[in-house]
2 protein chains.
Amino acid sequence: MFDKLEKQLSEKYQIEFKDLSLLREALTQANYVNEHTNFTGRDYQRLEFLGDAVMQQSTALYLFKRYPDWDEGQLTELRISMVQTRAFAALSRELHLDRYILLGRGEERSGARNRDSLLEDIWEAFIGALFLDQGAEKVMTFLKQVMFSKIDDGFYDQFVDYKSKLQEYLQRNGAVTIAYTKVAERQIENNEQIFTVEVTLDNKKLGVGEGKSTKDAEKAAARLAFQNLTKGK
Amino acid sequence: MFDKLEKQLSEKYQIEFKDLSLLREALTQANYVNEHTNFTGRDYQRLEFLGDAVMQQSTALYLFKRYPDWDEGQLTELRISMVQTRAFAALSRELHLDRYILLGRGEERSGARNRDSLLEDIWEAFIGALFLDQGAEKVMTFLKQVMFSKIDDGFYDQFVDYKSKLQEYLQRNGAVTIAYTKVAERQIENNEQIFTVEVTLDNKKLGVGEGKSTKDAEKAAARLAFQNLTKGK
(Lines give C-alpha, C1' and ligand atoms only; values in the text may rest on other atoms or scores of the structure.)
Protein backbone atom coordinates (compact mmCIF):
# COMPACT_ATOMS: atom_id res chain seq x y z
CA MET A 1 0.00 0.00 0.00
CA PHE A 2 2.88 2.30 0.83
CA ASP A 3 5.51 0.85 -1.51
CA LYS A 4 6.45 4.18 -3.04
CA LEU A 5 6.56 5.87 0.34
CA GLU A 6 8.73 3.11 1.79
CA LYS A 7 11.10 3.40 -1.14
CA GLN A 8 11.35 7.16 -0.71
CA LEU A 9 11.89 6.93 3.05
CA SER A 10 14.61 4.37 2.53
CA GLU A 11 16.44 6.06 -0.33
CA LYS A 12 16.19 9.65 0.77
CA TYR A 13 16.20 9.37 4.56
CA GLN A 14 17.62 5.91 5.31
CA ILE A 15 14.45 5.02 7.21
CA GLU A 16 13.20 1.44 7.07
CA PHE A 17 10.17 0.79 9.26
CA LYS A 18 10.37 -2.54 11.08
CA ASP A 19 6.67 -2.43 11.91
CA LEU A 20 4.81 -1.16 8.86
CA SER A 21 1.51 -1.19 10.73
CA LEU A 22 2.82 1.80 12.70
CA LEU A 23 3.44 3.71 9.47
CA ARG A 24 -0.05 2.82 8.29
CA GLU A 25 -1.57 3.91 11.62
CA ALA A 26 0.15 7.29 11.31
CA LEU A 27 -1.51 7.80 7.93
CA THR A 28 -5.04 6.66 8.81
CA GLN A 29 -7.71 9.26 9.41
CA ALA A 30 -10.59 8.45 11.81
CA ASN A 31 -13.44 8.38 9.29
CA TYR A 32 -11.53 6.01 7.02
CA VAL A 33 -11.66 3.49 9.87
CA ASN A 34 -15.39 4.08 10.37
CA GLU A 35 -16.12 3.65 6.67
CA HIS A 36 -14.09 0.44 6.27
CA THR A 37 -15.58 -2.07 8.68
CA ASN A 38 -13.03 -4.71 7.68
CA PHE A 39 -10.12 -2.39 8.47
CA THR A 40 -8.41 -3.66 11.58
CA GLY A 41 -6.04 -0.77 12.36
CA ARG A 42 -6.44 2.36 14.41
CA ASP A 43 -6.49 5.99 13.34
CA TYR A 44 -3.51 8.29 13.82
CA GLN A 45 -4.66 10.18 16.91
CA ARG A 46 -2.77 8.28 19.60
CA LEU A 47 0.44 8.53 17.57
CA GLU A 48 -0.22 12.23 17.11
CA PHE A 49 -0.47 12.62 20.90
CA LEU A 50 2.94 11.01 21.28
CA GLY A 51 4.55 12.68 18.26
CA ASP A 52 3.51 16.14 19.44
CA ALA A 53 5.57 15.65 22.61
CA VAL A 54 8.47 14.08 20.69
CA MET A 55 8.60 17.11 18.38
CA GLN A 56 8.68 19.45 21.38
CA GLN A 57 11.48 17.61 23.15
CA SER A 58 13.58 16.95 20.05
CA THR A 59 13.39 20.58 18.99
CA ALA A 60 14.07 21.90 22.51
CA LEU A 61 17.08 19.60 22.91
CA TYR A 62 18.49 20.51 19.52
CA LEU A 63 18.16 24.27 20.13
CA PHE A 64 19.50 23.98 23.69
CA LYS A 65 22.67 22.32 22.42
CA ARG A 66 23.08 24.34 19.25
CA TYR A 67 22.76 27.74 20.93
CA PRO A 68 24.67 27.48 24.23
CA ASP A 69 24.67 31.28 24.64
CA TRP A 70 21.00 31.97 23.99
CA ASP A 71 18.67 32.69 26.86
CA GLU A 72 15.39 30.84 27.25
CA GLY A 73 13.45 33.69 25.59
CA GLN A 74 15.39 33.36 22.35
CA LEU A 75 15.19 29.57 22.49
CA THR A 76 11.43 29.68 23.08
CA GLU A 77 10.81 32.12 20.25
CA LEU A 78 12.62 30.02 17.68
CA ARG A 79 11.01 26.82 18.97
CA ILE A 80 7.53 28.33 18.65
CA SER A 81 8.19 29.35 15.05
CA MET A 82 9.38 25.80 14.27
CA VAL A 83 6.89 23.67 16.16
CA GLN A 84 3.59 24.78 14.66
CA THR A 85 0.90 24.00 12.13
CA ARG A 86 2.24 25.56 8.94
CA ALA A 87 5.81 24.38 9.47
CA PHE A 88 4.65 20.80 10.10
CA ALA A 89 2.25 20.90 7.14
CA ALA A 90 5.15 22.00 4.92
CA LEU A 91 7.18 19.01 6.14
CA SER A 92 4.32 16.60 5.44
CA ARG A 93 4.14 17.93 1.89
CA GLU A 94 7.90 17.73 1.46
CA LEU A 95 7.78 14.02 2.29
CA HIS A 96 4.60 13.67 0.16
CA LEU A 97 2.83 12.14 3.16
CA ASP A 98 -0.35 13.86 1.93
CA ARG A 99 -0.55 11.41 -0.99
CA TYR A 100 -0.68 8.39 1.27
CA ILE A 101 -3.28 9.42 3.87
CA LEU A 102 -6.14 6.94 4.19
CA LEU A 103 -8.89 9.52 4.28
CA GLY A 104 -12.64 9.37 4.90
CA ARG A 105 -14.87 10.13 1.89
CA GLY A 106 -16.36 13.30 3.34
CA GLU A 107 -12.92 14.64 4.22
CA GLU A 108 -11.66 13.82 0.74
CA ARG A 109 -14.53 15.73 -0.84
CA SER A 110 -14.03 18.75 1.41
CA GLY A 111 -10.35 18.99 0.46
CA ALA A 112 -8.87 17.85 3.79
CA ARG A 113 -5.95 16.13 2.01
CA ASN A 114 -4.43 19.53 1.39
CA ARG A 115 -5.48 21.16 4.68
CA ASP A 116 -2.69 22.36 6.97
CA SER A 117 -4.43 21.19 10.14
CA LEU A 118 -4.65 17.59 8.89
CA LEU A 119 -1.10 17.65 7.53
CA GLU A 120 0.16 18.91 10.89
CA ASP A 121 -1.55 16.00 12.67
CA ILE A 122 -0.12 13.56 10.13
CA TRP A 123 3.38 14.92 10.64
CA GLU A 124 3.17 14.50 14.40
CA ALA A 125 1.72 11.00 14.01
CA PHE A 126 4.51 10.08 11.58
CA ILE A 127 7.12 11.27 14.10
CA GLY A 128 5.34 9.32 16.86
CA ALA A 129 5.51 6.17 14.71
CA LEU A 130 9.15 6.80 13.81
CA PHE A 131 10.02 7.27 17.49
CA LEU A 132 8.37 3.99 18.52
CA ASP A 133 9.85 2.08 15.60
CA GLN A 134 13.35 3.52 15.43
CA GLY A 135 14.05 5.35 18.70
CA ALA A 136 14.92 8.87 19.78
CA GLU A 137 18.33 9.01 18.11
CA LYS A 138 17.00 8.16 14.66
CA VAL A 139 14.27 10.78 15.07
CA MET A 140 16.93 13.36 15.89
CA THR A 141 19.04 12.42 12.85
CA PHE A 142 15.98 12.63 10.62
CA LEU A 143 14.84 15.98 12.05
CA LYS A 144 18.32 17.43 11.56
CA GLN A 145 18.11 16.43 7.92
CA VAL A 146 14.61 17.68 7.10
CA MET A 147 13.88 20.35 9.67
CA PHE A 148 16.74 21.77 11.72
CA SER A 149 18.86 22.36 8.61
CA LYS A 150 16.23 24.91 7.54
CA ILE A 151 17.09 27.25 10.41
CA ASP A 152 20.06 28.54 8.46
CA ASP A 153 17.92 29.33 5.41
CA GLY A 154 15.66 31.63 7.45
CA PHE A 155 12.79 29.26 6.67
CA TYR A 156 11.07 29.79 10.04
CA ASP A 157 10.95 33.58 9.81
CA GLN A 158 7.68 33.29 7.91
CA PHE A 159 6.07 31.65 10.94
CA VAL A 160 7.01 34.31 13.47
CA ASP A 161 4.04 35.67 15.40
CA TYR A 162 4.40 39.36 14.62
CA LYS A 163 1.25 40.34 16.53
CA SER A 164 2.82 39.06 19.75
CA LYS A 165 6.20 40.55 18.89
CA LEU A 166 4.66 43.95 18.20
CA GLN A 167 2.67 43.84 21.44
CA GLU A 168 5.74 42.84 23.44
CA TYR A 169 7.77 45.60 21.85
CA LEU A 170 5.15 48.32 22.41
CA GLN A 171 4.40 47.25 25.98
CA ARG A 172 8.03 47.06 27.08
CA ASN A 173 7.54 50.25 29.15
CA GLY A 174 4.02 49.55 30.37
CA ALA A 175 0.51 49.02 29.08
CA VAL A 176 -0.58 50.72 25.87
CA THR A 177 -3.65 50.32 23.68
CA ILE A 178 -3.04 48.44 20.45
CA ALA A 179 -6.02 48.11 18.16
CA TYR A 180 -6.63 46.31 14.87
CA THR A 181 -9.42 47.79 12.74
CA LYS A 182 -10.78 46.52 9.43
CA VAL A 183 -10.71 49.53 7.12
CA ALA A 184 -11.73 47.89 3.83
CA GLU A 185 -12.78 44.63 2.19
CA ARG A 186 -13.09 43.94 -1.50
CA GLN A 187 -14.07 41.04 -3.73
CA ILE A 188 -11.47 39.51 -6.02
CA GLU A 189 -11.74 36.61 -8.48
CA ASN A 190 -12.80 33.10 -7.36
CA ASN A 191 -15.30 34.67 -5.00
CA GLU A 192 -12.46 35.46 -2.60
CA GLN A 193 -12.15 38.60 -0.52
CA ILE A 194 -9.23 40.77 0.43
CA PHE A 195 -9.35 42.47 3.80
CA THR A 196 -7.43 45.58 4.78
CA VAL A 197 -6.60 46.08 8.43
CA GLU A 198 -4.95 48.99 10.19
CA VAL A 199 -3.03 48.67 13.44
CA THR A 200 -2.93 51.65 15.79
CA LEU A 201 -1.10 52.51 18.99
CA ASP A 202 -3.17 54.81 21.19
CA ASN A 203 -5.07 55.83 18.04
CA LYS A 204 -1.90 56.58 16.04
CA LYS A 205 -1.57 54.54 12.83
CA LEU A 206 1.44 52.16 12.81
CA GLY A 207 0.83 50.01 9.78
CA VAL A 208 -1.67 48.66 7.25
CA GLY A 209 -1.88 45.08 6.01
CA GLU A 210 -3.89 43.03 3.54
CA GLY A 211 -4.93 39.39 3.59
CA LYS A 212 -7.55 36.85 2.57
CA SER A 213 -8.90 36.87 6.11
CA THR A 214 -8.96 39.63 8.71
CA LYS A 215 -6.56 37.46 10.74
CA ASP A 216 -4.04 37.37 7.88
CA ALA A 217 -4.46 41.11 7.31
CA GLU A 218 -3.82 41.78 11.01
CA LYS A 219 -0.63 39.71 10.87
CA ALA A 220 0.56 41.58 7.81
CA ALA A 221 -0.13 44.93 9.49
CA ALA A 222 1.68 43.82 12.65
CA ARG A 223 4.67 42.60 10.66
CA LEU A 224 4.96 45.89 8.80
CA ALA A 225 4.54 47.95 11.97
CA PHE A 226 7.11 45.86 13.87
CA GLN A 227 9.64 46.02 11.07
CA ASN A 228 9.21 49.79 10.70
CA LEU A 229 9.55 50.40 14.43
CA THR A 230 12.64 48.24 14.83
CA LYS A 231 14.37 49.19 11.58
CA GLY A 232 18.05 49.83 12.14
CA LYS A 233 17.88 48.63 15.76
CA MET B 1 26.89 23.25 49.05
CA PHE B 2 24.41 20.53 48.17
CA ASP B 3 25.88 17.71 50.30
CA LYS B 4 22.59 16.83 51.95
CA LEU B 5 20.72 16.99 48.66
CA GLU B 6 23.30 14.78 46.96
CA LYS B 7 23.05 12.27 49.78
CA GLN B 8 19.28 12.20 49.55
CA LEU B 9 19.29 11.86 45.74
CA SER B 10 21.76 9.01 45.98
CA GLU B 11 20.15 7.10 48.83
CA LYS B 12 16.53 7.54 47.94
CA TYR B 13 16.60 7.73 44.14
CA GLN B 14 19.97 6.20 43.13
CA ILE B 15 20.88 9.44 41.36
CA GLU B 16 24.52 10.53 41.35
CA PHE B 17 25.17 13.64 39.30
CA LYS B 18 28.38 13.42 37.28
CA ASP B 19 28.39 17.16 36.66
CA LEU B 20 27.37 18.90 39.87
CA SER B 21 27.43 22.31 38.17
CA LEU B 22 24.29 21.20 36.30
CA LEU B 23 22.54 20.48 39.58
CA ARG B 24 23.63 23.88 40.88
CA GLU B 25 22.42 25.63 37.72
CA ALA B 26 19.00 24.01 38.11
CA LEU B 27 18.74 25.51 41.60
CA THR B 28 19.99 29.03 40.82
CA GLN B 29 17.46 31.85 40.50
CA ALA B 30 18.28 34.81 38.23
CA ASN B 31 18.60 37.53 40.88
CA TYR B 32 20.99 35.41 42.92
CA VAL B 33 23.36 35.56 39.93
CA ASN B 34 22.91 39.36 39.67
CA GLU B 35 23.57 39.87 43.36
CA HIS B 36 26.71 37.69 43.48
CA THR B 37 29.14 39.20 41.03
CA ASN B 38 31.73 36.49 41.76
CA PHE B 39 29.24 33.75 40.95
CA THR B 40 30.28 32.15 37.67
CA GLY B 41 27.27 29.94 36.94
CA ARG B 42 24.02 30.56 35.08
CA ASP B 43 20.48 30.71 36.35
CA TYR B 44 18.04 27.84 35.85
CA GLN B 45 16.05 29.21 32.93
CA ARG B 46 17.73 27.40 30.05
CA LEU B 47 17.44 24.11 31.92
CA GLU B 48 13.79 24.89 32.61
CA PHE B 49 13.23 25.37 28.85
CA LEU B 50 14.68 21.90 28.23
CA GLY B 51 13.09 20.21 31.25
CA ASP B 52 9.62 21.45 30.31
CA ALA B 53 9.87 19.55 27.01
CA VAL B 54 11.41 16.49 28.70
CA MET B 55 8.49 16.35 31.16
CA GLN B 56 5.99 16.54 28.28
CA GLN B 57 7.62 13.76 26.28
CA SER B 58 8.37 11.47 29.23
CA THR B 59 4.79 11.74 30.48
CA ALA B 60 3.28 11.31 27.02
CA LEU B 61 5.41 8.23 26.33
CA TYR B 62 4.62 6.68 29.70
CA LEU B 63 0.86 7.19 29.30
CA PHE B 64 0.92 6.04 25.66
CA LYS B 65 2.49 2.73 26.67
CA ARG B 66 0.63 2.22 29.93
CA TYR B 67 -2.83 2.78 28.45
CA PRO B 68 -2.84 1.06 25.04
CA ASP B 69 -6.63 1.20 24.83
CA TRP B 70 -7.13 4.86 25.71
CA ASP B 71 -7.92 7.36 23.02
CA GLU B 72 -5.97 10.60 22.68
CA GLY B 73 -8.65 12.54 24.59
CA GLN B 74 -8.21 10.42 27.70
CA LEU B 75 -4.43 10.49 27.38
CA THR B 76 -4.42 14.27 26.99
CA GLU B 77 -6.70 14.83 29.97
CA LEU B 78 -4.53 12.80 32.34
CA ARG B 79 -1.35 14.36 30.95
CA ILE B 80 -2.69 17.88 31.56
CA SER B 81 -3.55 17.05 35.16
CA MET B 82 -0.01 15.69 35.69
CA VAL B 83 2.12 18.21 33.80
CA GLN B 84 1.21 21.46 35.55
CA THR B 85 2.24 23.95 38.19
CA ARG B 86 0.80 22.52 41.35
CA ALA B 87 1.80 18.94 40.58
CA PHE B 88 5.39 20.00 39.82
CA ALA B 89 5.56 22.23 42.91
CA ALA B 90 4.45 19.27 45.02
CA LEU B 91 7.28 17.18 43.54
CA SER B 92 9.85 19.92 44.27
CA ARG B 93 8.70 19.95 47.88
CA GLU B 94 8.76 16.16 48.10
CA LEU B 95 12.44 16.20 47.09
CA HIS B 96 13.05 19.23 49.37
CA LEU B 97 14.49 21.10 46.38
CA ASP B 98 12.96 24.27 47.85
CA ARG B 99 15.55 24.22 50.64
CA TYR B 100 18.48 24.37 48.23
CA ILE B 101 17.41 27.13 45.82
CA LEU B 102 19.99 29.91 45.49
CA LEU B 103 17.52 32.76 45.70
CA GLY B 104 17.79 36.53 45.25
CA ARG B 105 17.29 38.61 48.41
CA GLY B 106 14.11 40.31 47.22
CA GLU B 107 12.59 36.97 46.24
CA GLU B 108 13.53 35.50 49.61
CA ARG B 109 11.82 38.36 51.42
CA SER B 110 8.68 38.09 49.32
CA GLY B 111 8.33 34.39 50.09
CA ALA B 112 9.25 33.04 46.65
CA ARG B 113 10.92 29.96 48.16
CA ASN B 114 7.51 28.53 48.91
CA ARG B 115 5.75 29.81 45.78
CA ASP B 116 4.32 27.20 43.41
CA SER B 117 5.40 29.06 40.27
CA LEU B 118 9.07 29.08 41.32
CA LEU B 119 8.92 25.47 42.51
CA GLU B 120 7.42 24.45 39.16
CA ASP B 121 10.31 26.12 37.32
CA ILE B 122 12.83 24.47 39.65
CA TRP B 123 11.29 21.06 39.04
CA GLU B 124 11.53 21.47 35.28
CA ALA B 125 15.10 22.74 35.53
CA PHE B 126 16.04 19.80 37.76
CA ILE B 127 14.59 17.37 35.20
CA GLY B 128 16.48 19.21 32.42
CA ALA B 129 19.73 18.81 34.38
CA LEU B 130 19.01 15.16 35.14
CA PHE B 131 18.29 14.50 31.45
CA LEU B 132 21.57 16.07 30.33
CA ASP B 133 23.59 14.38 33.07
CA GLN B 134 22.01 10.93 33.14
CA GLY B 135 20.00 10.47 29.94
CA ALA B 136 16.37 9.80 29.00
CA GLU B 137 16.19 6.32 30.50
CA LYS B 138 17.27 7.42 33.97
CA VAL B 139 14.74 10.28 33.83
CA MET B 140 12.02 7.77 33.02
CA THR B 141 13.03 5.46 35.88
CA PHE B 142 13.06 8.40 38.27
CA LEU B 143 9.69 9.75 37.10
CA LYS B 144 8.12 6.31 37.47
CA GLN B 145 9.31 6.29 41.06
CA VAL B 146 8.25 9.78 42.14
CA MET B 147 5.48 10.74 39.73
CA PHE B 148 3.85 8.05 37.63
CA SER B 149 3.34 5.79 40.65
CA LYS B 150 0.96 8.43 42.01
CA ILE B 151 -1.56 7.83 39.21
CA ASP B 152 -2.86 4.79 41.06
CA ASP B 153 -3.42 6.76 44.27
CA GLY B 154 -5.72 9.23 42.46
CA PHE B 155 -3.21 11.97 43.28
CA TYR B 156 -3.84 13.86 40.03
CA ASP B 157 -7.63 14.10 40.48
CA GLN B 158 -7.11 17.24 42.55
CA PHE B 159 -5.59 18.96 39.51
CA VAL B 160 -8.42 18.20 37.11
CA ASP B 161 -9.96 21.34 35.61
CA TYR B 162 -13.56 20.79 36.61
CA LYS B 163 -14.74 24.11 35.19
CA SER B 164 -13.67 23.01 31.71
CA LYS B 165 -15.05 19.52 32.23
CA LEU B 166 -18.41 20.91 33.34
CA GLN B 167 -18.56 23.28 30.40
CA GLU B 168 -17.68 20.53 27.95
CA TYR B 169 -20.31 18.26 29.45
CA LEU B 170 -23.07 20.87 29.43
CA GLN B 171 -22.27 22.09 25.93
CA ARG B 172 -22.14 18.63 24.35
CA ASN B 173 -25.47 19.33 22.60
CA GLY B 174 -24.91 23.00 21.81
CA ALA B 175 -24.31 26.32 23.52
CA VAL B 176 -25.79 26.95 26.95
CA THR B 177 -25.27 29.72 29.49
CA ILE B 178 -23.14 28.72 32.48
CA ALA B 179 -22.66 31.39 35.12
CA TYR B 180 -20.65 31.57 38.33
CA THR B 181 -22.01 34.01 40.92
CA LYS B 182 -20.52 34.93 44.28
CA VAL B 183 -23.36 34.52 46.77
CA ALA B 184 -21.48 35.12 50.04
CA GLU B 185 -18.14 35.97 51.57
CA ARG B 186 -17.18 35.80 55.22
CA GLN B 187 -14.14 36.53 57.36
CA ILE B 188 -12.40 33.67 59.14
CA GLU B 189 -9.35 33.67 61.42
CA ASN B 190 -5.93 34.91 60.20
CA ASN B 191 -7.67 37.67 58.32
CA GLU B 192 -8.63 35.19 55.61
CA GLN B 193 -11.90 35.10 53.74
CA ILE B 194 -14.10 32.29 52.55
CA PHE B 195 -16.06 32.86 49.37
CA THR B 196 -19.20 31.02 48.37
CA VAL B 197 -19.96 30.69 44.67
CA GLU B 198 -22.96 29.22 42.91
CA VAL B 199 -22.85 27.78 39.41
CA THR B 200 -26.00 27.93 37.29
CA LEU B 201 -27.10 26.53 33.94
CA ASP B 202 -29.56 28.84 32.20
CA ASN B 203 -30.36 30.28 35.66
CA LYS B 204 -30.93 26.84 37.24
CA LYS B 205 -28.66 26.12 40.22
CA LEU B 206 -26.27 23.20 39.66
CA GLY B 207 -23.91 23.45 42.61
CA VAL B 208 -22.40 25.59 45.35
CA GLY B 209 -18.74 25.71 46.36
CA GLU B 210 -16.55 27.41 48.93
CA GLY B 211 -12.94 28.50 48.75
CA LYS B 212 -10.34 31.00 49.95
CA SER B 213 -10.63 32.82 46.63
CA THR B 214 -13.56 33.17 44.25
CA LYS B 215 -11.54 31.09 41.78
CA ASP B 216 -11.20 28.22 44.24
CA ALA B 217 -14.89 28.51 45.14
CA GLU B 218 -15.82 28.37 41.44
CA LYS B 219 -13.73 25.23 41.00
CA ALA B 220 -15.36 23.60 44.00
CA ALA B 221 -18.81 24.47 42.67
CA ALA B 222 -17.92 23.11 39.22
CA ARG B 223 -16.56 19.89 40.71
CA LEU B 224 -19.71 19.30 42.74
CA ALA B 225 -21.97 20.11 39.79
CA PHE B 226 -20.00 17.86 37.44
CA GLN B 227 -19.94 14.98 39.89
CA ASN B 228 -23.69 15.29 40.56
CA LEU B 229 -24.54 15.43 36.87
CA THR B 230 -22.38 12.45 35.91
CA LYS B 231 -23.09 10.29 38.97
CA GLY B 232 -23.73 6.70 37.99
CA LYS B 233 -22.77 7.33 34.37
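Conventions we followed
Residues numbered from 1 in each chain as written. Chains lettered and ligands numbered in written order. Predicted model: local features only at pLDDT ≥ 70, side-chain atom pairs only at ≥ 80, totals over all residues. Heavy atoms only, no water. UniProt positions renumbered as here; feature names shortened; annotations may be inferred. Pairing = 2+ DSSP bridges. Helix = DSSP H or I, 4+ residues; strand = E, 2+ residues; numbered from the N terminus. Contact = heavy atoms within 4.5 Å. Buried area = accessible area lost by both parts, 1.4 Å probe. Polar contact = N/O pair within 3.5 Å; in protein donor to acceptor, adjacent residues only side chain to side chain. Nonpolar A, V, L, I, M, F, W, Y, C, P; charged D, E, K, R; others polar. Phe/Tyr/Trp six-rings, centres within 6.5 Å; stacked < 30°, edge-to-face > 60°. Buried < 20%, exposed > 50% of the residue type's maximum accessible area, 1.4 Å probe, protein only. Lys NZ or Arg CZ within 6 Å of the ring centre and 35° of its normal. Domains from an automatic or database assignment. Least-squares fit on C-alpha atoms with pLDDT ≥ 70 in both.

An unreviewed UniProt entry annotates chain A as Ribonuclease 3 originating from Weissella oryzae. Regarding chain A, the UniProt comment filed under Function (unreviewed entry) reads as follows: "Digests double-stranded RNA. Involved in the processing of primary rRNA transcript to yield the immediate precursors to the large and small rRNAs (23S and 16S). Processes some mRNAs, and tRNAs when they are encoded in the rRNA operon. Processes pre-crRNA and tracrRNA of type II CRISPR loci if present in the organism." For the record of chain A, the UniProt heading Subunit (unreviewed entry) holds the text "Homodimer."

Colleague: Kindly report on the pairing of strand β1 (residues 178–187) of chain A, identifying the contributing residues and their values.
Modeller: Residues and elements named next belong to chain A. With nine bridges joining them, β1 and strand β2 (residues 193–201) adopt antiparallel strand pairing. Residue pairing across strands places tyrosine 180 opposite valine 199, the latter belonging to β2. The antiparallel hairpin formed by β1 and β2 contains five residues in its connecting segment, where asparagine 190 sits at a positive phi of about 60°.

Colleague: Can you tell me about the interface of chain B and chain A, naming the residues and giving the values?
Modeller: Often, the extent of an interface is quoted as the loss of accessible area on bringing the components together. Between chain B and chain A, the contact holds 26 residues from the first and 26 residues from the second. Taken together, the two surfaces of chain B and chain A that pack against each other cover about 2,400 Å², and 64% of this comes from carbon and sulfur. At the boundary of chain B and chain A, one finds eight residue pairs in polar contact (both at pLDDT 80 or more). Broken down by secondary-structure element, the contributors of at least two residues to the side of chain B that touches chain A are α4 (45–66), α5 (72–82) and α8 (116–134) of chain B. It is α4 of chain B that contributes the most residues to the side of chain B that touches chain A, 14 residues altogether. Residues belonging to the side of chain B that touches chain A are distributed by class as follows: 14 nonpolar, four polar and eight charged.

Colleague: Pulling in residues and values, what's your account of the packing of aromatic side chains?
Modeller: As enumerated under the stated definition, the model contains 24 aromatic pairs over all chains in all. When the centroid spacing of 6.1 Å and the interplanar angle of 55° are considered together, the rings of phenylalanine 17 of chain A and phenylalanine 126 of chain A count as tilted. Of this pair, phenylalanine 17 of chain A sits in the loop between α1 (3–13) and α2 (20–26) while phenylalanine 126 of chain A sits in helix α8 (residues 116–134), placing them 109 residues apart in sequence. The burial state of phenylalanine 17 of chain A is the same as that of phenylalanine 126 of chain A; both residues are buried. For the pair tyrosine 32 of chain B and phenylalanine 39 of chain B, a centre-to-centre distance of 5.3 Å together with 85° between the ring planes defines the contact as edge-to-face. The pair tyrosine 32 of chain B / phenylalanine 39 of chain B is uniform in exposure class, with both members buried. Pairwise contacts between aromatic rings join Tyr13, Phe17, Trp123, Phe126 and Phe142 of chain A into one cluster. Sitting above the plane of the tyrosine 169 of chain A ring, arginine 172 of chain A keeps its charged end 4.1 Å from the centroid.

Colleague: Talk me through the domain arrangement of chain A; I want residue IDs and the actual numbers.
Modeller: Under the domain assignment, chain A is made up of domain 1 (1–159) and domain 2 (162–231). The C-alpha centroid of domain 2 of chain A is placed 32 Å from the C-alpha centroid of domain 1 of chain A.

Colleague: Outline the relation of the copies chain B and chain A, listing residues and values.
Modeller: Overlaying chain B with chain A gives an RMSD of 0.5 Å, the required rotation being 180° about an axis along which the chain moves by 0.4 Å. A rotation of that kind, with that shift, is consistent with a two-fold axis. Closest approach to the rotation axis within chain B is made by the C-alpha atom of glutamine 57 of chain B, at a distance of 3.2 Å. Both copies share a contact surface, since 100% of the interface residues of chain B are interface residues in chain A too.

Colleague: Can you tell me about helix α6 (residues 85–94) of chain B, naming the residues and giving the values?
Modeller: Burial in α6 of chain B covers these residues: Ala87, Phe88, Ala89, Leu91 and Ser92 of chain B. Two residues or fewer after α6 of chain B comes histidine 96 of chain B, characterised by a positive phi angle close to 60°.

Colleague: Now, about the environment of threonine 76 of chain B: what can you tell me, with residues and values included?
Modeller: Residue and element names in this part refer to chain B. Position of threonine 76 among the secondary structure elements: in helix α5. Distance from threonine 76 to leucine 63, taken between C-alpha atoms, is 9.1 Å for residues 13 residues apart in sequence. Reaching out from threonine 76, the side chain makes a polar contact with the backbone oxygen of glutamate 72 at a distance of 2.6 Å.

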